[in-house]
2 protein chains.
Amino acid sequence: MTTLVIGANGQIGKQFCELAKQSGTPIKAMIRSEEQAAWFQERGIQTVVGDLEGDFEHAFEGCDQVVFTAGSGPHTGPDKTLMIDLFGAIRAADIASQHGLSRYIMVSAIRAEKPLEAPEKMRPYMTAKFAADAHLRHSDVSYVILKPGRLTDDAPTHKFASTVEEAGDNQISRANVAYALLRVVQTPGLINQEVTLLDGQRPIDALL
Amino acid sequence: MTTLVIGANGQIGKQFCELAKQSGTPIKAMIRSEEQAAWFQERGIQTVVGDLEGDFEHAFEGCDQVVFTAGSGPHTGPDKTLMIDLFGAIRAADIASQHGLSRYIMVSAIRAEKPLEAPEKMRPYMTAKFAADAHLRHSDVSYVILKPGRLTDDAPTHKFASTVEEAGDNQISRANVAYALLRVVQTPGLINQEVTLLDGQRPIDALL
């Protein structure tokens with residue numbers, strides 16, 4: 001059961017790949033260019049070069065599920081948001097469907113289902129996440145959509161909350177998101193779920 | 001059979017509204033603000049104020065089908081492309097579904113199904129049209145997707161082609177698009193069709 005990691009070279013992606021490697025969970029890290037390969041090779045992590053704005057279908061070969069954690073991020077231009085967060089995610093879902101993958105695990109964003117309730121400058125980004133999630137739900141691939149809150153670089157606590165009320169805040173560390181991703185990847189029976197992820201007090205299994 | 005026109009104040013929208021009024025085809029023109037109303041009132045065209053980036057569900061009351069010809073255009077910023085061409089179109093489809101409308105007639109763009117084949121600077125715009133069209137296809141509303149080529153301000157010829165090979169070019173006048181829209185609106189049995197529209201030599205009915 002090999003998992004393709006799209007966005008492996010991102011901040012969450014790298015932490016996830018490291019956790020997966022340490023736990024013996026088979027992954028293939030998709031990177032944009034050979035220059036990004038060294039970090040993964042040093043850790044014994046398999047890589048494949050694929051261009052999310054070009055050709056990347058070949059990266060799916062031999063993979064059973066896919067993690068999508070690529071993101072132009074809310075602070076790049078909305079043209080990249082359209083090409084990466086929206087179109088990249090949609091094409092990955094279409095390829096996953098064509099290849100008969102068992103699951104698509106999406107890293108989305110908290111409240112992506114309500115873009116108009118986001119602050120105005122965040123709305124184009126939230127709209128891209130909204131539309132990508134909607135496309136995935138409508139596809140015939142089983143999915144898990146993780147919706148982290150505002151991302152921080154805090155140390156992992158491995159403790160979670162699923163609502164702002166429960167958490168008392170709207171943030172989560174990238175390390176905790178990476179850990180939650182690992183648990184989802186290791187739980188193949190978990191399908192067609194959407195989970196808001198915040199730093200909190202509960203073990204991840206209580207949320208899944 | 002009243003048709004809601006979203007994007008009525010646009011260049012195609014205004015020409016369509018005028019043709020519809022002249023032919024006795026019942027329409028309701030959605031405009032962004034009362035300041036846009038005078039042009040329509042002078043011509044006896046009913047208007048409703050609705051904000052495509054805010055509240056516009058009330059505009060659907062009493063309407064049986066909807067034309068979506070709103071567009072930020074390929075030359076505005078991609079943030080507006082995300083909010084108008086993508087999210088506005090998606091929300092309109094969701095509202096049309098909730099209200100049980102009989103049809104959603106979308107003005108898309110030629111080759112919107114292949115954003116990566118567009119020139120690089122056009123790709124974010126094409127991606128928004130691609131994803132909006134995909135959402136409409138997946139919705140439970142019957143649809144017609146019109147895919148005009150490069151828009152010109154030439155005089156109407158009422159003659160069309162449906163491929164670049166047939167047309168010998170990739171352009172179409174906004175006046176011809178407005179005329180094609182009118183014929184689609186007047187043909188309720190036409191559903192779940194996608195039609196590329198270019199200036200050409202054939203009557204519109206030969207393409208529908």
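Structure: see above.
Residues numbered from 1 in each chain as written. Chains lettered and ligands numbered in written order. Predicted model: local features only at pLDDT ≥ 70, side-chain atom pairs only at ≥ 80, totals over all residues. Heavy atoms only, no water.

## Some points on the overall build of chain A
Move 1: When helices and strands are tallied, chain A shows six helices and ten strands.
Move 2: Taking 2.2 N^0.38 as the reference for a compact globule, 208 residues should give roughly 17 Å; the C-alpha atoms of chain A span a radius of gyration of 16 Å, in line with that estimate.
Move 3: Dimensions of chain A along its principal axes, counting C-alpha atoms only, are 40 × 35 × 30 Å.
Move 4: Relative to its 208 residues, chain A shows a buried fraction of 54%.
Move 5: Put simply, of all contacts in chain A between residues at least 6 apart along the chain, 66% involve residues at least 24 apart.
Move 6: Here chain A has roughly 8600 Å² of accessible surface; of this, 46% comes from carbon and sulfur atoms.
Move 7: Taking the average location of the 20 positive side-chain charges in chain A and that of its 26 negative ones, the two points are 4 Å from each other. (Helix = DSSP H or I, 4+ residues; strand = E, 2+ residues; numbered from the N terminus. Rg over C-alpha atoms; globule rule 2.2 N^0.38 Å. Buried < 20%, exposed > 50% of the residue type's maximum accessible area, 1.4 Å probe, protein only. Contact = heavy atoms within 4.5 Å. Areas by Shrake-Rupley, 256 points an atom, 1.4 Å probe, with all protein chains shown as cover. Lys, Arg positive; Asp, Glu negative; His and termini not counted. Charge placed at Lys NZ, Arg CZ, Asp CG, Glu CD.)

## A look at the sheet that holds strand β8 (residues 160–161) of chain B
Residue and element names in this part refer to chain B.
Move 1: Taken in spatial order, the eight strands of this open sheet run β3-β2-β1-β4-β5-β6-β10-β8, and their pairing is mixed. Only two strands of the sheet have a single neighbouring strand rather than two, namely β3 (47–49) and β8.
Move 2: Pairing between strand β1 (residues 3–6) and strand β2 (residues 27–31): four bridges, direction parallel. Across the sheet, residue Ile6 finds its bridge partner in β2, namely Met30.
Move 3: Running over the sheet, helix α1 (residues 11–22) touches β1, β2 and β4 (65–68) and is turned about 155° from β2.
Move 4: Against the sheet, helix α6 (residues 174–185) makes contact with β1, β4, β5 (103–107), β6 (143–148), β8 and β10 (193–199), and its axis sits at roughly 170° relative to β5, the strand it touches most. (Pairing = 2+ DSSP bridges. Axes fitted to C-alpha atoms, helices over the stretch in contact; angles between N-to-C directions.)

## Section: the pairing of strand β6 (residues 143–148) of chain A
Along any regular strand the residues' side chains alternate between the sheet's two faces.
Residues and elements named next belong to chain A.
Move 1: Counting buried positions over the six residues of β6 gives six, a clear majority of the element.
Move 2: Every second residue of β6 is oriented toward a common face, with Tyr143, Ile145 and Lys147 on one face and Val144, Leu146 and Pro148 on the other, all of them buried.
Move 3: Where strand β5 (residues 103–107) lies against β6, four bridges are found, and the strand directions are parallel. When the sheet's bridge partners are listed, Val107 is paired in β6 with Leu146.
Move 4: Bridge count for β6 against strand β10 (residues 193–199) is five bridges, and the pairing is parallel. Bridge pairing in β10 links Lys147 to Thr196.

## What about the interface of chain A and chain B?
Move 1: Listed per partner, the contact involves 22 residues of chain A and 22 residues of chain B.
Move 2: Taken as a group, Leu82, Phe87 and Leu116 of chain A account for 29% of the area that chain A buries against chain B, more than any other trio of residues on that side.
Move 3: Taken together, the connections running from chain A to chain B amount to zero residue pairs in polar contact (both at pLDDT 80 or more).
Move 4: For the side of chain A that touches chain B, the secondary-structure elements that each account for two or more residues are α3 (78–98) and α4 (123–138) of chain A. (Buried area = accessible area lost by both parts, 1.4 Å probe. Polar contact = N/O pair within 3.5 Å; in protein donor to acceptor, adjacent residues only side chain to side chain.)

## Things to note about the environment of Gly88 of chain B
Residues and elements named next belong to chain B.
Move 1: Positionally, Gly88 belongs in helix α3 (residues 78–98).
Move 2: A residue is classified by how much of its surface remains accessible, and Gly88, at 0% relative accessible area, is buried.
Move 3: Taking the C-alpha atoms as reference points, Gly88 and Phe56, separated by 32 residues in sequence, lie 9.7 Å from one another.
Move 4: In this structure Gly88 touches Leu52, Phe56, Phe68 and Met83, once residues within four positions along its chain are discounted.

## Overview of the sheet that holds β6 of chain A
Residues and elements named next belong to chain A.
Move 1: With mixed pairing, eight strands are arranged side by side in an open sheet as β3-β2-β1-β4-β5-β6-β10-β8. Strands at the two margins of the open sheet, each flanked by one partner only, are β3 (47–49) and β8 (160–161).
Move 2: Against the sheet, α4 contacts β5, β6 and β10, and its axis sits at roughly 160° relative to β6.

## Thoughts on the pattern of salt bridges
Residue and element names in this part refer to chain A.
Move 1: Tallied over the full model, the rule gives 22 salt bridges over all chains.
Move 2: Ionic pairing is found between Asp85 and Lys129, a salt bridge with its closest N-O pair at 3.8 Å. Here Lys129 lies in helix α4 and Asp85 lies in helix α3, a separation of 44 residues in the sequence. A single burial state applies to Asp85 and to Lys129, both of which are buried.
Move 3: Measuring nitrogen to oxygen at the nearest pair gives 3.2 Å for the salt bridge that ties Arg183 to Asp205. Separated by 22 residues along the polypeptide, Arg183 in helix α6 (residues 174–185) and Asp205 in the segment after β10 bring together distant segments of the chain.
Move 4: You can call Asp205 partly exposed: its relative accessible area is 46%.
Move 5: Residues participating in the shared-partner salt-bridge network are Glu113, Arg137, Lys147 and Glu194. (Salt bridge = Lys/Arg side-chain N within 4 Å of Asp/Glu carboxyl O.)

## Description of the state of the cysteines
Move 1: Evaluated as defined, the whole model comprises zero disulfides over all chains.
Move 2: Distance from the sulfur of Cys63 of chain A, which forms no disulfide, to the nearest cysteine sulfur (Cys17 of chain A) is 12 Å. (Disulfide = S-S within 2.5 Å.)

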